Amino acid sequence: MSNPPPFQSALLAGALAGTTVDLSLFPLDTLKTRLQSSAGFFPSGGFSGIYRGIGSAVVGSAPGAAFFFCTYETAKGFLRARAAVPDAVAHMVAASLGEVAACAVRVPTEVVKQRAQAGLHGGSSRAALAAILSQRSARGLGAVWRELYRGWGITVFREVPFTVIQFPLWEAMKSWRRKGRTAGEDVAAAESAVFGSVAGGISAAATTPLDVLKTRVMLSKDRVSVAEVFGTMVKQEGLRPFFAGIAPRVTWISIGGAIFLGSYQWAINTMRTIS
């Protein structure tokens with residue numbers, strides 16, 4: 001078992017990993033959002049303007065990923081050392097806490113990004129954010145806050161099962177690969193990337209219906225509950241739309257898992273070498 005990285009290393013490596021994956025795979029994320037939109041793929045922009053909303057991704061990627069990995073590594077180390085729980089349970093709990101922490105940054109940037117991707121408010125992050133902030137004069141600061149965090153519940157509800165599948169799988173594959181190696185020696189970045197891709201793809205496919213619900217809630221013209229969106233979709237569209245965008249989502253997260261967890265491992269290994 002390798003030693004957990006120090007807080008500063010997790011912070012820097014997470015920020016690098018998050019920014020790298022979000023910027024490199026942004027077009028696939030845009031296509032996925034448009035496929036899931038209730039307006040339809042082409043009315044939401046089709047294949048044009050696939051970098052709409054990238055400004056919010058740039059702002060939110062690094063802090064969101066850094067929050068995740070700092071919380072994940074800290075919680076994992078605490079649970080292993082003091083709670084004496086099995087590794088799989090430690091990974092699940094730590095990853096869940098990491099996702100809740102990351103959503104503090106991720107949800108507002110996701111709301112702005114997805115509205116820009118779907119062509120709302122002129123199709124730019126600045127215009128989408130301005131439209132939300134403009135509600136302050138008429139409805140107060142609380143309304144702005146609620147709008148920025150619209151979809152918080154369903155986002156957490158999507159991310160927790162996603163990460164409960166992804167990270168134990170990733171950690172288990174890394175533990176398997178470490179067998180027979182020198183104590184404390186970690187896996188290579190390329191190995192971590194392969195394991196991250198497999199774990200991410202499986203997690204993405206399993207949680208696509210939750211991702212569709214999140215997108216519909218965030219893109220709705222008015223505030224709606226998850227239950228209301230779910231009921232309307234089942235009655236009017238059936239079950240098929242719950243898997244809209246599954247191909248680009250699985251592709252995006254499989255590639256993203258390789259980049260995200262590969263670059264994270266590379267940064268951790270590099271910082272261990274020079275420290």
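This one's a predicted model, so the numbers in the text were calculated from it and none came from an experiment.

Student: Mind showing me how you'd approach the UniProt feature "repeat: Solcar" (unreviewed entry) in the chain here?
Tutor: UniProt's feature table lists "repeat: Solcar" (unreviewed entry) at residues 5–78, 86–176 and 187–270, given in the numbering used throughout. Helix and strand shares over residues 187–270 are 80% and 0% respectively, and the end C-alpha atoms of the span are 12 Å apart.

Student: Teacher, can you tell me more about the environment of G257 here?
Tutor: If you trace the backbone, G257 turns up in helix 12 (residues 246–274). When the C-alpha atoms of G257 and S96 are compared, they prove to be 17 Å apart, with 161 residues separating the residues in sequence. Apart from the residues within four sequence positions on either side, G257 is in contact with A193, G196, S197 and G262.

Student: Teacher, can you tell me more about the packing of helix 4 (residues 87–117) against helix 8 (residues 152–178) here?
Tutor: The relative placement of two packed helices comes down to the angle between their axes together with the axis-to-axis distance. Packing of helix 4 against helix 8 brings their axes to within 8 Å, and their N-to-C directions diverge by 140°. Comparing their axes, helix 8 and helix 4 come out oblique. Where helix 4 crosses over helix 8, the two elements pack in a sense that is right-handed. Contacts between helix 4 and helix 8 involve A88, H91, M92, A95, S96, E99, V100, C103, A104, R106 and V107 from the former and W152, T155, V156, E159, V160, T163, V164, F167, P168 and E171 from the latter.

Student: What is the right way to read the layout of surface pockets from this model?
Tutor: Vacant regions in the atomic arrangement are exposed by a probe of water-molecule size rolled over the atoms. In this structure, the largest pocket encloses a volume near 220 Å³. Around the largest pocket sit S38, R216, L219, S220, K221, V224, E228, V229, T232, M233, Q236 and E237, which together line it. Where the lining of the largest pocket is concerned, the elements lending two or more residues are helix 10 (208–219) and helix 11 (226–237). The residue makeup of the lining of the largest pocket, split by class, is four nonpolar, four polar and four charged. In this structure, the second largest pocket occupies an estimated 190 Å³ of space. Considering the residues around the second largest pocket, the lining is formed by 15 residues, among which R115, Q135, E147, R150 and K221 are closest to the centre. Elements that contribute at least two residues to the lining of the second largest pocket include exactly helix 5 (125–133) and helix 10. Grouping the amino acids of the lining of the second largest pocket by side-chain chemistry returns five nonpolar, three polar and seven charged. Mapped onto the domain boundaries, the lining of the second largest pocket takes at least three residues apiece from domain 1 (37–150) and domain 2 (160–176 + 185–274).

Student: Help me understand the nonpolar core, please; the structure alone is not making it clear to me.
Tutor: The tendency in soluble globular proteins is for nonpolar side chains to be buried as a group. Judged by nonpolar contacts, the single largest core of 28 residues is most densely connected at F68, F69, Y72, F167, W170, F260 and Y264. For this core, the secondary-structure elements that each account for two or more residues are helix 1 (7–24), helix 3 (54–83), helix 4, helix 8, helix 9 (189–206) and helix 12. Domain assignment of the residues forming this core places at least three in each of domain 1 (37–150) and domain 2 (160–176 + 185–274). Residues V107, V111, I132 and L148 belong to the second largest nonpolar core, which totals ten residues.

Student: Before we go on, may I ask you to explain empty space enclosed by the protein in this structure?
Tutor: Applying the stated rule across the entire model yields two cavities of 30 Å³ or more. Computed from the structure, the largest cavity encloses a volume of approximately 670 Å³. Along the walls of the largest cavity sit 28 residues, with V21, D22, R106, E159 and W252 positioned nearest its centre. At the level of secondary structure, the elements contributing two or more residues to the lining of the largest cavity comprise helix 1, helix 2 (26–36), helix 3, helix 4, helix 8 and helix 12. Ranked by the residues each element gives to the lining of the largest cavity, the list is headed by helix 3, at seven residues. In terms of residue class, the lining of the largest cavity is made up of ten nonpolar, nine polar and nine charged.

Student: Would you explain the domain arrangement of the chain in this entry?
Tutor: The figure often quoted for interface size is the accessible area lost as the parts come together. If you check the domain split of the chain, you get domain 1 (37–150) and domain 2 (160–176 + 185–274). Put simply, the middle of domain 1 and the middle of domain 2, counted by C-alpha atoms, are 14 Å apart. With 24 residues of domain 1 at the interface, the matching set in domain 2 holds 19 residues. Summed over both sides, the interface between domain 1 and domain 2 buries roughly 2000 Å², with carbon and sulfur atoms accounting for 64% of that surface. On the domain 1 side of the contact with domain 2, F69, Q114 and R150 bury the most area, a combined 33% of that side's loss. Between the two partners, domain 1 and domain 2, sit two salt bridges. Close ionic contact of E171 with K76 constitutes a salt bridge, the shortest N to O distance being 2.9 Å. If you look at where domain 1 meets domain 2, you find eleven residue pairs in polar contact (both at pLDDT 80 or more). Mapped by element, the contributors of at least two residues to the side of domain 1 that touches domain 2 are helix 3, helix 4 and helix 7 (141–148). The element that contributes the greatest number of residues to the side of domain 1 that touches domain 2 is helix 4, accounting for eleven residues. Of the residues that constitute the side of domain 1 that touches domain 2, the class distribution is eleven nonpolar, five polar and eight charged.

Reading guide: rules and limits
Residues numbered from 1 in each chain as written. Predicted model: local features only at pLDDT ≥ 70, side-chain atom pairs only at ≥ 80, totals over all residues. Heavy atoms only, no water. UniProt positions renumbered as here; feature names shortened; annotations may be inferred. Helix = DSSP H or I, 4+ residues; strand = E, 2+ residues; numbered from the N terminus. Contact = heavy atoms within 4.5 Å. Axes fitted to C-alpha atoms, helices over the stretch in contact; angles between N-to-C directions. Parallel < 35°, antiparallel > 145°, perpendicular 65-115°, else oblique. Left-handed = near helix turned anticlockwise from the far one by under 90°. 1 Å grid on protein atoms, 1.4 Å probe; cavity = no way out; pocket = protein on both sides within 12 Å on 5 of 7 lines; lining within 4 Å. Points joined across faces, edges and corners; volume = space filled by probe spheres on them. Nonpolar A, V, L, I, M, F, W, Y, C, P; charged D, E, K, R; others polar. Domains from an automatic or database assignment. Core = buried A, V, L, I, M, F, W, Y, C linked by side-chain atoms within 4.5 Å. Buried < 20%, exposed > 50% of the residue type's maximum accessible area, 1.4 Å probe, protein only. Buried area = accessible area lost by both parts, 1.4 Å probe. Salt bridge = Lys/Arg side-chain N within 4 Å of Asp/Glu carboxyl O. Polar contact = N/O pair within 3.5 Å; in protein donor to acceptor, adjacent residues only side chain to side chain.

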